[in-house]
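Each chain, written out:
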Amino acid sequence: MSDLLTARHGRVLLLTLNRPQARNALNGALLTQIAGTLDDARDDAAIGAVVITGSARFFAAGADLQEMANKDLPATLNDTRPQIWARIDAFPKPLIAAVNGYALGAGCELALLCDVVVAGDSASFGLPEITLGIIPGAGGTQRLIRCVGKSLATQMVLTGKPIGAARAQQAGLVSEICPPALTVEYAINLAAGMAQRAPLALQAAKQALRQSQEMSLSAGLSAERQLFTLLSATDDRREGIAAFLEKRQPDFKGR
């Protein structure tokens, strides 16, 4: 059976991590499958958003330590996984994490990379790399501090101790908490609502939101206005305004 299961729910693609024997640890092969599936979804106009989830007990418990243990300095320096993570990060459509159980190490980094995180009330998030004599290496330090702030990010990284779903929501890592049995359903419904929107506007909004974490306010405002102006040339903008004035549902085409 594949380490990554896929299912369609209307315009939403559901990806399920499926390495139960390894607590869904993210090895190179699984990351490559995720990146390849997202590359295909990017070019599929019938897919408007993607949800990624794990099992009831483990979203993903980290990187695959068996694989990592065999990498010395040259192998780590030449590791292709940074490029794989970059491909996942470049996915232009909404990407939602539905987290139950543990999201640790690389699993937490995958959740941080997603645009929205929905969590079961028993979920926990952590970066325990410091307990192994290493540090996060797939964006954990950089994304976490931008997400939850300096003090909590430093505490989590330097102690390696996880936080629960309620604390994660309070800090801004999680947007919604729900009963674990409903986590995936809630995430799919949220993604389906996004997928109804104009595709080009969704991509522009995601780009503007991502850029806000890397730019000054003045540069971000300029970039936002440029994207806003570009959308004025789209058929979807005209359709959206016409549908509002005519009191009907818009029929967006992604043009």
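Residues numbered from 1 in each chain as written. Predicted model: local features only at pLDDT ≥ 70, side-chain atom pairs only at ≥ 80, totals over all residues. Heavy atoms only, no water.

Labelled according to an unreviewed UniProt entry, the protein chain appears under the name 2,3-dehydroadipyl-CoA hydratase, originating from Pluralibacter gergoviae. According to the UniProt record, the Sequence similarities (unreviewed entry) comment for the protein chain reads "Belongs to the enoyl-CoA hydratase/isomerase family." (UniProt positions renumbered as here; feature names shortened; annotations may be inferred.)

Strands sit in the order β1-β2-β3-β5-β7-β10 across an open sheet of 6 strands; the sheet is mixed. Each having just a single partner strand, β1 (4–9) and β10 (176–178) make up the two edges of the open sheet. With direction set aside, neighbouring strand axes in the sheet form an average angle of 20°. Looking at chain direction, strand β3 (residues 49–53) and strand β5 (residues 95–99) are connected through 4 bridges and run parallel. Considered in β5, the bridge of V50 is made with L95. (Pairing = 2+ DSSP bridges. Helix = DSSP H or I, 4+ residues; strand = E, 2+ residues; numbered from the N terminus. Axes fitted to C-alpha atoms, helices over the stretch in contact; angles between N-to-C directions.)

The subject of this paragraph is the sheet that holds strand β6 (residues 102–104). One open sheet accounts for 4 strands, arranged β4-β6-β8-β9; its pairing is mixed. Both outer strands of the open sheet, β4 (58–60) and β9 (163–164), are each paired with one neighbouring strand and no more. By the bridge criterion, 3 bridges tie β6 to strand β8 (residues 124–126) in an arrangement that is parallel. Within the sheet, the bridge partner assigned to L104 lies in β8 and is G126. On top of the sheet, helix α5 (residues 106–113) reaches β4, β6 and β8; it is set at about 90° to β6, its chief contact. (Contact = heavy atoms within 4.5 Å.)

Quick look at the packing of helix α10 (residues 199–211) against helix α11 (residues 217–231) now. Axis separation between α10 and α11 bottoms out at 10 Å; the angle between their running directions is 175°. When the axes of α10 and α11 are compared, the pair comes out roughly antiparallel. Touching L200, A201, A204, Q207, A208 and Q211 of α10 are A223, L227 and L231, all from α11. Among the residues making up the contact of α10 with α11, the classes are represented as 7 nonpolar, 2 polar and no charged. (Parallel < 35°, antiparallel > 145°, perpendicular 65-115°, else oblique. Nonpolar A, V, L, I, M, F, W, Y, C, P; charged D, E, K, R; others polar.)

Relative to strand β2 (residues 12–17), β1 is paired through 6 bridges, and the arrangement is antiparallel. In the strand pairing of β2, L5 is matched with T16. With antiparallel pairing between neighbouring strands as the criterion, β1 and β2 make up a hairpin whose turn holds 2 residues, including G10 at a positive phi of roughly 65°.

Let us look at helix α9 (residues 183–195). Here α9 is 13 residues long and its end C-alpha atoms lie 18 Å apart, about the 18 Å a rise of 1.5 Å per residue gives. When α9 is considered as a whole, its buried residues turn out to be T183, A187, I188, A191 and A195. Summarising the axial view, the buried residues of α9 lie within an arc of 125°, below the 170-degree limit, and thus occupy one face. (Expected span 1.5 Å × (residues − 1). Buried < 20%, exposed > 50% of the residue type's maximum accessible area, 1.4 Å probe, protein only. Arc of directions from axis to C-beta.)

Attention now moves to the domain arrangement of the protein chain. Each assigned domain of the protein chain is listed here: domain 1 (4–196) and domain 2 (199–246). Put simply, the middle of domain 1 and the middle of domain 2, counted by C-alpha atoms, are 26 Å apart. Taken together, the contact between domain 1 and domain 2 spans 13 residues of the former and 6 residues of the latter. Together, the buried faces of domain 1 and domain 2 total about 710 Å²; carbon and sulfur atoms form 41% of this surface. (Domains from an automatic or database assignment. Buried area = accessible area lost by both parts, 1.4 Å probe.)

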